[in-house]
Amino acid sequence: MDKQVKTYVESHLPIVDKWVVEMEDQAKKGHIPIMDPIGMNFLLQLIRLNKPQQILEIGTAIGYSALRMLEANPNGQIVTIERDDVRYNQAIENINRQKKHNSIKVIHGDALEEISKLNENGDRFDCIFIDAAKGQYQRFFELASPLLTNNGFIVTDNVLFRGYVAEDNFEHPRYKKMVEKIKTFNNWLHNHPDYVTTIFPIGDGVAVSYKK
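Conventions adopted
- As a convention, each chain's residues are numbered from 1 in the sequence order in which they are written.
- Totals for whole chains, interfaces and linings use every residue, but because this is a predicted model, local features are given only for residues with pLDDT of at least 70 and side-chain atom pairs only at 80 or more, for both listing and counting.
- The side-chain values count all of the structure's non-hydrogen atoms but skip hydrogen atoms and water molecules.
- Numbering goes from the N terminus for both helices and strands, where a helix is a DSSP run of H or I of at least four residues and a strand is a run of E of at least two.
- Residue exposure (1.4 Å probe, protein chains only): buried if accessible area is under 20% of the type maximum, exposed if over 50%, otherwise partly exposed.
- Here a residue-residue contact requires only that any non-hydrogen atoms of the pair lie within 4.5 Å.
- Fitted lines through C-alpha atoms give the axes, limited to the stretch in contact for helices. The angle between two N-to-C directions lies from 0 to 180 degrees.
- Here the word oblique covers every angle except those under 35 degrees (roughly parallel), over 145 (roughly antiparallel) and from 65 to 115 (roughly perpendicular).
- By convention the crossing between two helices is left-handed if the near helix lies anticlockwise of the far one by an angle smaller than a right angle, and right-handed if it lies clockwise.
- For this scheme, ten residues count as nonpolar: Ala, Val, Leu, Ile, Met, Phe, Trp, Tyr, Cys and Pro. Four count as charged, namely Asp, Glu, Lys and Arg, and the remainder, Gly too, count as polar.

Comments concerning unusual backbone geometry
Here Lys99, not a glycine, exhibits a phi torsion of approximately 60 degrees, which is positive. Assignment of secondary structure puts Lys99 in the loop between α5 (85-97) and β3 (104-108). Although it is not a glycine, Asn151 sits at a positive phi angle of roughly 65 degrees. Among the secondary structure elements, Asn151 is positioned in strand β5 (residues 148-157). Taking relative accessible area as the criterion, Asn151 reaches 51% and is therefore assigned exposed.

Looking at the environment of His192
Mapped onto the secondary structure, His192 falls in the loop between α8 (176-190) and β6 (195-200). Those residues in contact with His192 that lie beyond four places of it in its chain are Phe141 and Lys212.

Thoughts on the packing of helix α3 (residues 37-50) against helix α4 (residues 64-72)
Each pair of packed helices gets described by two things: the angle between the helix axes and the distance between those axes. Close contact between α3 and α4 brings their axes to 8 Å; oriented N to C, the two are set at 40 degrees. Between α3 and α4, the angle is such that the two are oblique. As for the relative orientation of α3 and α4, their crossing is right-handed in sense. Side by side, α3 and α4 meet where Met40, Leu43, Leu44, Ile47 and Arg48 of the first sit next to Tyr64, Ser65, Arg68, Met69 and Ala72 of the second. Residue composition of the contact of α3 with α4, by class: seven nonpolar, one polar and two charged.

What follows is the structure in structure tokens.
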């Protein structure tokens, strides 16, 4: 997105509560990646429109996205998974501070293992939000897909990865393998027989996959 357009759009985003600003500052100071404001508001609008009652989030971080999603649908229930010890504890603290522990359940563990457990338990979700290790996106999607209700949708963040996926001969040694994995995931998702997917050039790229 053009920088001037991005600034204009951001200036027209809804005003947020003080706790949102405080959590965004916490993420910035701790160098913790959270969804950018435009992408976050896009996700929140999807939730307002569809009103999913059960949401699964893969990648809790400090609990920012979970709390924002609950804000968009206060009647919903969210299950979110985080493997990092420090971030898990930060998320618990932030969720408790907002007194939302009855609506948000944080699971401490590896998402690849925990998603399988949810499947074994027969849990089902109307919306799944994937925002964790990008190299595992396809595996997360495959494991989580059976958990999705009919007419549910899956949102995946960071699918444009700074725009690098659009470069034909991307050779940056630090990001080359990651870019290749995301490209492979995007192509796999585009051709998935059970989903209709659109990638929106918002934030770092947001894919919305609707279950047929």
